Amino acid sequence: MSAPRLELRQLRKRFDGLDVLADISLTVRPGEFVSILGPSGCGKSTIFKLLTGALQTDGGEVLFDGTPLEDGRRPFAFMPQRDALMPWRRIIDNTTLGLEVQGLSRSQAREKVAPLFAEFGLDGFERHYPAQLSGGMRQRAALLRTVVQQRDMLLLDEPFSALDALTRAGMQRWLQAMWERHRWTALLITHDVREAVFLSDRIYVLTERPARVLDEITVSLPHPRTDLASPEASAIEARLLQTLLNPQP
Amino acid sequence: MSTSRTRAGVFAPVFSKIAPALLSVGTLVVAWELYARFSGISAIMLPAPSRVIGQALEHRQALFDNTLPTIRATVFGFGCSLTAAFVFSVLVDFSGRLRRALFPVFIISQTLPLVAIAPLVVLWFGFGLAPKIMLVALVTFFPMLVALVQGYAATDDDIQSLLASMGASRVRVFLLARLPSSLPYFFAGLRISITYAVVGAIFAEYAGAAKGLGIYILNAKNNFRPGLVLAAVLVCATLTLVLFGITVLIQRVAMPWERLDQGRRR
Ligand SMILES: Nc1ncnc2c1ncn2[C@@H]1O[C@H](COP(=O)(O)OP(=O)(O)OP(=O)(O)O)[C@@H](O)[C@H]1O
Ligand SMILES: [Mg+2]
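Keep in mind the model is a prediction, meaning the values are calculated, not measured. Along each chain, residues carry numbers from 1 onward, in the same order as the chain's sequence is written. To read the labels, note that chains go from A and ligands from 1, taken in the order they are written. Local features in a predicted model are, by the rule used here, given only for residues with pLDDT of at least 70; side-chain atom pairs are given and counted only at 80 or more, and totals for whole chains, interfaces and linings are based on all residues. Only hydrogens and water are set aside; all other atoms, that is, all heavy atoms of the structure, feed into the side-chain values.

### Describing the confidence of the model for chain A
Phase 1: For every residue, the predictor assigns a confidence score, pLDDT, that lies between 0 and 100. Counting all residues, the mean pLDDT for chain A is 90, and 98% of those residues have values of 70 or more.
Phase 2: Secondary structure elements follow DSSP: runs of H or I no shorter than four residues count as helices, runs of E no shorter than two count as strands, and numbering proceeds from the N terminus. For chain A, per-element mean pLDDT is lowest for helix H6 (residues 165–182) of chain A, which scores 86, and highest for helix H2 (residues 91–95) of chain A, which scores 96.

### Some points on the interface of chain B and chain A
Phase 1: Contacts: residue pairs with any heavy atoms within 4.5 Å of one another. With 20 residues of chain B in contact, the opposing surface of chain A contributes 24 residues.
Phase 2: Reported buried area values correspond to the accessible surface (1.4 Å probe) lost by two parts on association, with both partners' losses combined. Carbon and sulfur atoms make up 65% of the surface buried where chain B meets chain A, a total of about 2,100 Å² over both sides.
Phase 3: With a closest N to O distance of 3.2 Å, Asp158(B) and Arg82(A) form a salt bridge.
Phase 4: N or O atoms closer than or at 3.5 Å make up a polar contact, with two conditions inside protein: a donor-capable atom paired with an acceptor-capable one, and, for residues adjacent in sequence, both atoms drawn from side chains. Put simply, chain B and chain A have 4 residue pairs in polar contact (both at pLDDT 80 or more) between them.
Phase 5: Sort the elements by how many residues they give to the side of chain B that touches chain A and helix H7 (residues 157–165) of chain B lands first, with 7 residues.
Phase 6: A breakdown of the residues in the side of chain B that touches chain A according to their chemical character gives 12 nonpolar, 4 polar and 4 charged. We define a salt bridge as a contact between a side-chain nitrogen of Lys or Arg and a carboxyl oxygen of Asp or Glu at a distance within 4 Å. In the scheme used here, Gly and all other residues not listed as nonpolar or charged are polar, with Ala, Val, Leu, Ile, Met, Phe, Trp, Tyr, Cys and Pro taken as nonpolar and Asp, Glu, Lys and Arg as charged.

### Regarding the coordination of the magnesium ion (ligand 2)
All names here are of chain A.
Phase 1: The rule for donors is simple: an N, O or S atom within 2.8 Å of the metal counts, and for Na, K and Ca the reach is 3.2 Å. Water is not among the atoms, so a site may look short of donors. Note on the magnesium ion (ligand 2): its protein donors are Ser45 (OG) and Gln81 (OE1). The metal-donor distances range over 1.9 to 2.3 Å. With a gap of 36 residues between them, Ser45 in helix H1 (residues 44–51) and Gln81 in the loop between strand S6 (76–79) and H2 connect regions that are remote in the sequence.
Phase 2: The classification of residues rests on relative accessible area computed with a 1.4 Å probe and restricted to protein chains. Under 20% of the type maximum is buried, over 50% is exposed, and intermediate values are partly exposed. For Gln81, a relative accessible area of 33% puts it in the partly exposed group.

### Things to note about a nonpolar patch on the surface
Phase 1: Each patch groups residues whose relative accessible area exceeds 30% and which form no salt bridge, using 9 Å between like charges and 5 Å between nonpolar side chains of Val, Leu, Ile, Met, Phe, Trp and Tyr. Under the convention used here, a 1.4 Å probe and the Shrake-Rupley method define accessible areas, while residue burial counts only the protein chains that appear. Residues Leu120(B), Leu123(B), Trp124(B), Phe125(B) and Met134(B) make up a contiguous nonpolar surface patch of roughly 550 Å² in combined accessible area.
Phase 2: Counting residues per element, the nonpolar patch draws most heavily on helix H5 (residues 114–125) of chain B, which supplies 4 residues.

### Side note on the side chain of Thr95(A)
Residues and elements named next belong to chain A.
Phase 1: Within the secondary structure, Thr95 sits in helix H2.
Phase 2: Owing to a relative accessible area of 0%, Thr95 belongs among the buried residues under this scheme.
Phase 3: In terms of polar contacts, Thr95 uses its side chain to reach the backbone carbonyl oxygen of Ile92, at 2.7 Å.
Phase 4: Those residues in contact with Thr95, other than ones at most four positions away along the chain, are Val113, Phe117, Ala141, Leu144, Arg145 and Val148.

### Here's the deal with the site of ligand 1
Residue and element names in this part refer to chain A.
Phase 1: In these notes, residues near a molecule or strand are those with any non-hydrogen atom within 4 Å of it. Around ligand 1 lies a shell of 14 residues, among which Ser40, Lys44, Ser45, Thr46 and Arg209 are the nearest.
Phase 2: One of the side-chain N or O atoms of Ser40 is found 2.8 Å from an oxygen atom in ligand 1.
Phase 3: Gln81 is positioned with one of its side-chain polar atoms (N or O) 2.9 Å from an oxygen atom of ligand 1.
Phase 4: A total of 640 Å² of accessible area belongs to ligand 1 in isolation, and the protein chains cover 66% of it.

This is the structure:
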């Protein structure tokens, strides 16, 4: 078993008077796809905000490759809960945003991103504005913006929650295929049980606010997972639902 | 047959958009014309629109000569005010302390009655361009500043935390996110302020000027020429409409994505 890439130790966070994260400890190994599953409002997005430095922790440790995550190190490429595409930038310029911030010129950044448009199903939409794209395409553009930053790890906050069921299922398949190919180290937030089982190697289940880790489940189904109706998958789904609906500490 | 149908298809939407405005303005003008002609009111009290237009044409050279200084005062005054509003909006966006120090001063500046201030400013700075620029700036600066500051504050939080996660500096976040986010607010402020600007310029001239529509109106009034007063008013209105139209055009060019959004909403 390889050393963890990311390790959270007893992470705590409170907003004046409101305890949000009580005790979050989890690990993600290199090349592993890990999901965080939890009820709405329990503090899932807050975990990512602590990781990206948007908020300060009130206790606990974040280790990346075994060393504390000091200020200024940015090993994460973050995809926020809503796509956060800039309406005033064309799709190509939205996807190059992270590279531009890293200091690449606009043309260098475009050169780097352009070959990926086909793979992300955005071919021919480079010069469109976000308002001209469907919900699914917007999410793919946001994901493209995330992965081209070539960070050590992806943080995906409910990337498909805003989509209709059919588009979401398509996007989940697509993401799985992409992951098969690239083997990103990824941490995914979701409150969709089936999505978690479909995509993850491991799943952490969180309690209601103040959140702590309620359960950790390893999904040892073989990839690619096409058969979600298999007894193993159904059993894990049932266990997850059971844990979420009847939390017993 | 088919060509005329396509043509109607192209022009019908434009026409149906401006038809209500044409109808309401047309009705007002016709009512005014009928009242002035048949109520027996004297032309000294209320000249008919046809007479106003006649006078405007007759005195077009004088009107033109007096319009140029007004345009100059409006454009220079508004330009100064825009520049100042932008500079201060940036300062205030980067420093909360500066904001708390300056905003009360700006708000007080908005409470000064123009009727009282205009003659004083003219008294201090003379009949030249300077006092006009100052008065135009006084009435337009604050609305523009507020529009910009509000626009920065309207920036999507997700976009900002995304940029922070990418390691963008404060200045970078401002340039990449806050500034573009303020554009719709900026243009809304611009459309309102440009109408204030013309009124401000006229008012400043009214308080004392060598030339300009404001002083022209004052003289025409003192000579009991309501036809000329209204002719000058017509020029003011046209000037304001043209400036307003220019801001709308600039907005269309500057924000091509905005019309896409609206197309979606409708
Ligand atoms: N900046 C903040 N200041 C104060 N309270 C906050 C702040 N950010 C989040 N909260 C609170 O923390 C709690 C958890 O928020 P968070 O966004 O992490 O939930 P979540 O699990 O991501 O929910 P969802 O599934 O709906 O996205 C909420 O009750 C929210 O009101
Ligand atoms: Mg969330």
